[in-house]
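Chain by chain, the residues run as shown.
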Amino acid sequence: AKLDAGKIRVSLVLDGFPRALEQVAKVGTYGANKYSDNGWMQVPDGIRRYKDAMGRHRLADAKGERYCQETGLLHSAQEAWNTLAKLELELRAAETEGEI
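For every chain, the first residue of the written sequence is number 1, and numbering continues from 1 along that sequence. Under the rules for a predicted model, residues below a pLDDT of 70 receive no local features and side-chain atom pairs below 80 are neither given nor counted, while totals for whole chains, interfaces and linings still include all residues. Here the side-chain values reflect all heavy atoms present in the structure, with hydrogen atoms and water set aside.

Engineer: Please explain the side chain of glutamate 79 as it appears in this structure.
Structural biologist: Mapped onto the elements of the fold, glutamate 79 is located in helix H4 (residues 75–96). Discounting chain neighbours no more than four positions away, the residues touching glutamate 79 are Met54, His57 and Arg58. To qualify as a helix, a DSSP run of H or I must reach at least 4 residues; to qualify as a strand, a run of E must reach at least 2; elements of each kind are numbered from the N terminus. Two residues form a contact once any of their heavy atoms are found within 4.5 Å.

Engineer: Sorry, what's going on with the packing of aromatic side chains here?
Structural biologist: Two numbers describe a pair of aromatic rings. These are the distance of the centres and the angle of the planes. Between the rings of Phe, Tyr and Trp (Trp by its six-membered ring), a pair exists once the centres lie within 6.5 Å; its type follows the angle of the planes, with under 30 degrees stacked, over 60 edge-to-face, and the other angles tilted. Scanning the model with the defined rule gives three aromatic pairs in all. Centre to centre, the rings of tryptophan 40 and tryptophan 81 are 5.7 Å apart; their planes meet at 80 degrees, and the pair counts as edge-to-face. One end of the pair, tryptophan 40, is in the loop between helix H2 (18–34) and helix H3 (46–62); the other, tryptophan 81, is in helix H4, with 41 residues separating them in the sequence. Per-residue accessibility, obtained with a 1.4 Å probe over protein chains only, is compared with the maximum for each type, and a residue is labelled buried under 20%, exposed over 50%, and partly exposed between these values. A residue is classified by how much of its surface remains accessible, and tryptophan 40, at 18% relative accessible area, is buried.

Engineer: Can you help me understand the side chain of threonine 71 in this one?
Structural biologist: As for its position among the elements, threonine 71 is in the loop between H3 and H4. Each polar contact in these results corresponds to two N or O atoms within 3.5 Å; when the atoms are within protein, one needs to be able to donate a hydrogen and the other to accept it, and residues that are neighboring in sequence are counted only if both atoms are side-chain atoms. Separated by 3.0 Å, the side chain of threonine 71 and the backbone nitrogen of leucine 73 make a polar contact. Engagement of the side chain of threonine 71 in a polar contact is seen with the side chain of glutamine 78, the distance being 2.7 Å. If sequence neighbours within four positions are ignored, threonine 71 has contacts with Tyr30 and Gln78.

Engineer: Help me out: how do you make sense of the packing of H2 against H4 in this one?
Structural biologist: Two quantities define a packed helix pair, namely the angle between the helix axes and the distance between the axes. Every axis in this analysis is a line fitted to C-alpha atoms, fitted for helices over the stretch in contact. Angles between the N-to-C directions lie between 0 and 180 degrees. At a closest axis distance of 8 Å, the pairing of H2 and H4 adopts a crossing angle of 75 degrees. In terms of orientation, H2 and H4 fall into the roughly perpendicular class. Between H2 and H4, the contacting residues are Gln23, Val24, Val27 and Gly28 on the first element and Ala77, Gln78, Ala80, Trp81 and Leu84 on the second. For the contact of H2 with H4, the residue count by class is six nonpolar, three polar and no charged. Should an angle fall under 35 degrees it is called roughly parallel, over 145 degrees roughly antiparallel, and 65 to 115 degrees roughly perpendicular, with every other angle called oblique. Each residue is assigned to one class: nonpolar for Ala, Val, Leu, Ile, Met, Phe, Trp, Tyr, Cys and Pro, charged for Asp, Glu, Lys and Arg, and polar for all the others, Gly among them.

Engineer: It is not clear to me how H2 should be interpreted in this structure. Could you clarify?
Structural biologist: Counting along an α-helix, one turn takes 3.6 residues, and residues three or four places apart therefore face a common direction. For H2, with 17 residues, the first-to-last C-alpha span of 24 Å sits near the 24 Å given by 1.5 Å per residue. Residues Val24, Val27 and Ala32 constitute the buried set of H2. With its buried residues spanning 135 degrees around the axis, H2 presents them on a single face. Away from the buried face of H2 by more than 90 degrees, exposed residues Arg19 and Asn33 are located. Residues of H2 that are buried in the fold lie against H4. The span one expects for a helix is its residue count, reduced by one, times 1.5 Å. Picture the helix axis, draw a direction to every C-beta atom, and the arc is the one those directions span.

Engineer: I tried to follow unusual backbone geometry on my own but got confused; where do I start?
Structural biologist: Trans peptide bonds make up most of the peptide bonds, and negative phi angles are found at most residues other than glycine. Of note in this structure, asparagine 38 is not a glycine but carries a positive phi near 60 degrees. Although it is not a glycine, aspartate 45 sits at a positive phi angle of roughly 55 degrees. Following the sequence through the fold, aspartate 45 ends up in the loop between H2 and H3.

If you want it as structure tokens, here you go:
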């Protein structure tokens, strides 16, 4: 027997979005190579700064620029990465404050 009723189904994300996740992983790799592995976690005022970065990539994409001129990566992948970074920092803050 396997008691997994009510548990989250991670495969829906991993199996459902392999191409998108690969592009987001490329963004993470680019950042790690440029700065440091997981250095994004210590960026001062990270939530605001990642929100601003999300907006810049979304704006560029909306203006028809599919790829970032600086990185050569998809703006939509960079927007997604920044969204995940912002979300992770928000969740960590909420855990610290006992909200979740």
